[in-house]
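Structure assessment
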Amino acid sequence: MSHQDTKILDSQAGLTQDERVNRKFDWHRLFALVRKESLQAIRDPSTILIAFVLPVILLFLFAYAVSLDVREVRIGVVLESDSASAQSLAAAFSGTRYLKVTPARDRREVAELVVSGDLRGFVVIPQDFEQRLESGNPQSVVQVVTDGSLPNTANFVANYAQGVVLNWQASRHNGQPVSVINLEPRYWFNAELESRRSLVPGAIAIIMTIIGTMLTALVVAREWERGTMEAVLSTPASVMEILIGKLLPYFVLGMVATLGSAALAAFVFEVPLRGSLLALLTISAVFLIPALGQGLLISSVTKNQFLASQVALFSGFLPAFLLSGFLFEIDAMPVPIQIITYLIPARYFVSSLQTVFLAGDVWAVFLPDLAAMMAIGVFFFAIAKRKTRKNLET
Amino acid sequence: MNAMNAAITGDVFRRLGKSDAAVVIEDVAKHFGEVDALRGFSAEIHYGRLTGLVGPDGAGKTTLMRIMTGLLVPNSGRVTLAGFDVVEDNDAIHIVSGYMPQRFGLYEDLSVMENMQLYAQLRGMDADQHSEIFATLLDFTRLGPFTKRLAGKLSGGMKQKLGLACALMAKPKVLLLDEPSVGVDPVSRQDLWRMVQELTDDGMAVVWSTAYLDEAERCQNVLLLNEGKLEFDGPPQELTDQIKERSFRLEQVGTERRSVLSRALNLATVGDGVIQGDAVRVVLREGAEREEIDTLANEVGAKLEPVQPRFEDAFIDLLGGGPGGTSALAERIDKIELDSQVAVSCRNLTKRFGDFTATDNVSFEVQKGEIFGLLGPNGAGKSTTFKMLCGLLKPTEGEAQVVGHDLRYATGSAKSQLGYMAQKFSLYGLLSVKQNLEFSAGVYGLEGDIKRQRINEMIETFDLAQYLNTSPDSLPLGFKQRLALACALMHRPPVLFLDEPTSGVDPITRREFWTHINGLARKGVTIMVTTHFMDEAEYCDRVAMMYRARLIALDTPDALKQGAINDAHPDPTMEDAFIHLVESAQLDDETRANAQVVV
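Below, the structure is looked at part by part. (Residues numbered from 1 in each chain as written. Chains lettered and ligands numbered in written order. Predicted model: local features only at pLDDT ≥ 70, side-chain atom pairs only at ≥ 80, totals over all residues.)

**Some remarks on the overall build of chain A**
Counting its regular elements, chain A contains 15 helices and 4 strands. Here chain A, with 394 residues, has 39% of them falling under the buried criterion. (Helix = DSSP H or I, 4+ residues; strand = E, 2+ residues; numbered from the N terminus. Buried ≥ 20, exposed ≤ 12 C-beta atoms within 10 Å, placed from the backbone.)

Given below as structure tokens:
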């Protein structure tokens, strides 16, 4: 049927009576869908749970329970030599605030404690300690044994033990350092090296992924599962209206949750927000594009709540957790995994979030991140739009 | 409502002039992968008429409905609705048609009013028109008092009325209703019929799809589908006329009715037969003589009365007649001997879930070898009662016994005395047919030679040999049902519980099923059955009617029908009887409520 025919038929059937009905995009219809979705979201206790209760729990966990800081690591110090200098070194170990020392006379005593996990390692000050000192090689004056099953801590113990020895030697030479250059480390952005300060902004990324991807995947899949989508598809509402009407309320919900989390972070967990609120909101809003797009794509492919939640968990939540650089540094990952992280929108979000909280408005960091998130988002939406047709064909 | 629709549709007809075809279906075919849903046929649906889209489950009704609303694209052929091609003018279709999907498509967490507002806005209606149209629709559907109630909290009937109201919001020219009467009690169903009648009187084209063949007789025109083919297109009367003077009733055969039916069905000249209370109803094959059936009537001393043909008879005839009257299954079973005459009994059975009473003080006794039916609309409490009787639910109060075993104290030994066939057959799709049989033999404790022997018996009886290594999911419906029955009967229980055994099953498979059940009953197996097919209640010796958790009547089908005789229904059907009982129960409730107010 040609367009002209359609027009004639239109007027024959009296359809021009209300031109609005024929429009591809209509604000009234969109408003009706948004209103419906908002009412449903408010009435569904699981939405409130996911959007408001879960973030609070997650933030508290990351702020207090999870800590990457190394403090009071328990080690043993085996004093095999009775010389004054050996005792002085042992005292130097006991005196640091990062180590908690269990003194021993025989390495077999502490070796058992390392095996049982009570100690993370031990330092042996050997019988021939004096001779070794004389020989002038600082590397081999003591022996350090660490528990390799916890690599981070093991590294820390090894390095720190060396540091203690070096410092001790330096003070023994009456202020004349052994090495010519004296290093004084200074940590930027997080001067006290509190992991909470970088974890809390990261946790916001996890929360937004849950709301954006998981919740959206669930609510759209629910419409397919309950048959309500079939009824809505048979009305004049267009695919565009249905999709936007579905996403808009969750976009707002995501932004509200971000603001709430940011407020908690700043006022309760004392994470400084060094950047501007505007930057934070911009970054979050742009991150919601790929997050919502992914949720939409998952639900329009699976059309089933159970499957949608599983796929969202594996493709959204876990990558955001493991590959975003929030808990595990991306630079420390093998190269193939590093390449994969470039596909994870949360990677860019975490980077920008940590910058806006800890450093400030560094647009040189934000802009590439925003562009990357936008690109991934557009990609998801393009596929989701193609997958959602205004019929029930698969 | 009248005024409203006259305004919408009146214009359209004048302008469209001579052609009054609302939907034109031309050689439409649709397949999903290997499965042919529609096999290519043509038909027309007209304005001002109620058109029934009739056929058993899987006939292709929903597929055709979805094609008509533009939700599916046909593989070949074309469909136009109100002059618009459903594929090319997809947008226009959504404006001129109102569609009510099979599953309740409205938002259960929105109120009645919120759902209506949503649909009004999606249909592009101005806000200032809302109140007027809402008032009309609420009045029409009698949903006025419930506007604030969440849709999920409505009864099945009210949900369908709300769906109808939302589908009517667009003032559609064509209204498509996909199985609107499923899950709706007979009283609400009457309401739906009345509403649809009014709409067609105003000129709207209404399509009503249904698997209940008796509903076809209420339509002005019928499209009869079976396995994707159009078997008949025309007024239902035309189809029933084809079997005119071939329907008879063997009256007053009483206790002998099951053997009479079995003998009648084994006659070469009889194509179909069912039990109707005290009588047996038969349909002769095309061109067959009365001689054989006359002889049978004489032998059993029954009067042979010619009766009005029914749509279902005609459908069976169209498909070449039903199965024979001998159940190979029952032949193999030894007569059941029980110590007591009472097979199942319950006293003051009550089940409460929180503050909701699902079964309220129900008592009855079922005799050995009896077919006992439990009837009622969805949510009336029949499934709950049933589950308590099989030991699947613990009663809150009261007691139940199966073959003398109290279900409270001897659940295990009571369960070994009963076979249970759950709704939808509940077979294991990931096990093969053979493995399903072995599993159910195993759970009922059969071992060694007996186990092997019983399984082989079932395979032979039900002709399952060809399917042994396939999954039950891929079996034809009839075989699926046979397998489910085989699994439930593996341990030869004296009592058989059947929960909605024939829902979603085509009439021929249902006939075959009842042949087995009748055969089993004649061997002394006690049958407990729930059904929502009112005419199937006729197979039962006695029927318990449940409504709102209470037992409102318990009697033989004939007695229940007798009780409903009045001027409007001189020869009431089971459905009429049910409506009558429900209405008097409601009246009772009201009088009691009023009395309390007075006191």
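Structure shown, so let's carry the discussion forward.
**As for the environment of Ser 42 of chain B**
Residues and elements named next belong to chain B. The topology assignment puts Ser 42 in strand β2 (residues 35–46). The exposure class assigned to Ser 42 is partly exposed, which follows from the 13 C-beta atoms found within 10 Å. The spacing of Ser 42 and Val 24 is 18 residues in sequence and 7.7 Å in space, taken between C-alpha atoms.

**Some thoughts on the nonpolar core**
Core analysis: the largest hydrophobic core is formed by 251 residues, its most contacted members being Ala 205 of chain A together with Leu 81, Val 206, Ala 264, Phe 497, Ile 527 and Met 528 of chain B. By residue number, the principal contributor to this core is helix α8 (residues 195–226) of chain A, which donates 17 residues. Sequence-distant contacts of Ala 205 of chain A, defined by excluding residues within four places in its chain, comprise Ala 320, Ser 324, Phe 326, Ala 346, Phe 349, Val 350 and Leu 353 of chain A. (Core = buried A, V, L, I, M, F, W, Y, C linked by C-beta atoms within 7 Å. Contact = placed C-beta atoms within 7 Å.)

**Some details on the packing of helix α16 (residues 433–443) of chain B against helix α17 (residues 448–461) of chain B**
All names here are of chain B. Contact geometry for α16 and α17: axes closest at 10 Å, N-to-C directions at 135°. Relative to α17, the element α16 lies oblique. Crossing of α16 against α17: the hand is right-handed. Residues Leu 437, Glu 438 and Ala 441 of α16 form the contact with α17, whose own contacting residues are Lys 451, Arg 454, Ile 455 and Met 458. When its residues are assigned to classes, the contact of α16 with α17 shows 4 nonpolar, no polar and 3 charged. (Axes fitted to C-alpha atoms, helices over the stretch in contact; angles between N-to-C directions. Parallel < 35°, antiparallel > 145°, perpendicular 65-115°, else oblique. Left-handed = near helix turned anticlockwise from the far one by under 90°. Nonpolar A, V, L, I, M, F, W, Y, C, P; charged D, E, K, R; others polar.)

**Here's the deal with the sheet that holds strand β11 (residues 247–251) of chain B**
Residues and elements named next belong to chain B. Read from one edge of the open sheet, 4 strands run β12-β13-β11-β14, paired in antiparallel fashion. This sheet does not close on itself; its edge strands, each paired only once, are β12 (270–276) and β14 (303–306). Ignoring which end each strand starts from, the neighbouring axes of this sheet average 25° apart. By the bridge criterion, 4 bridges tie β11 to strand β13 (residues 279–284) in an arrangement that is antiparallel. Paired with Arg 249 across the two strands is Arg 281, which belongs to β13. The sheet strands contacting helix α11 (residues 291–300) are β11, β12, β13 and β14, and the helix crosses β14 at an angle near 140°. Against the sheet, helix α12 (residues 311–318) contacts β11, β12 and β13, and its axis sits at roughly 150° relative to β12. (Pairing = 2+ DSSP bridges.)

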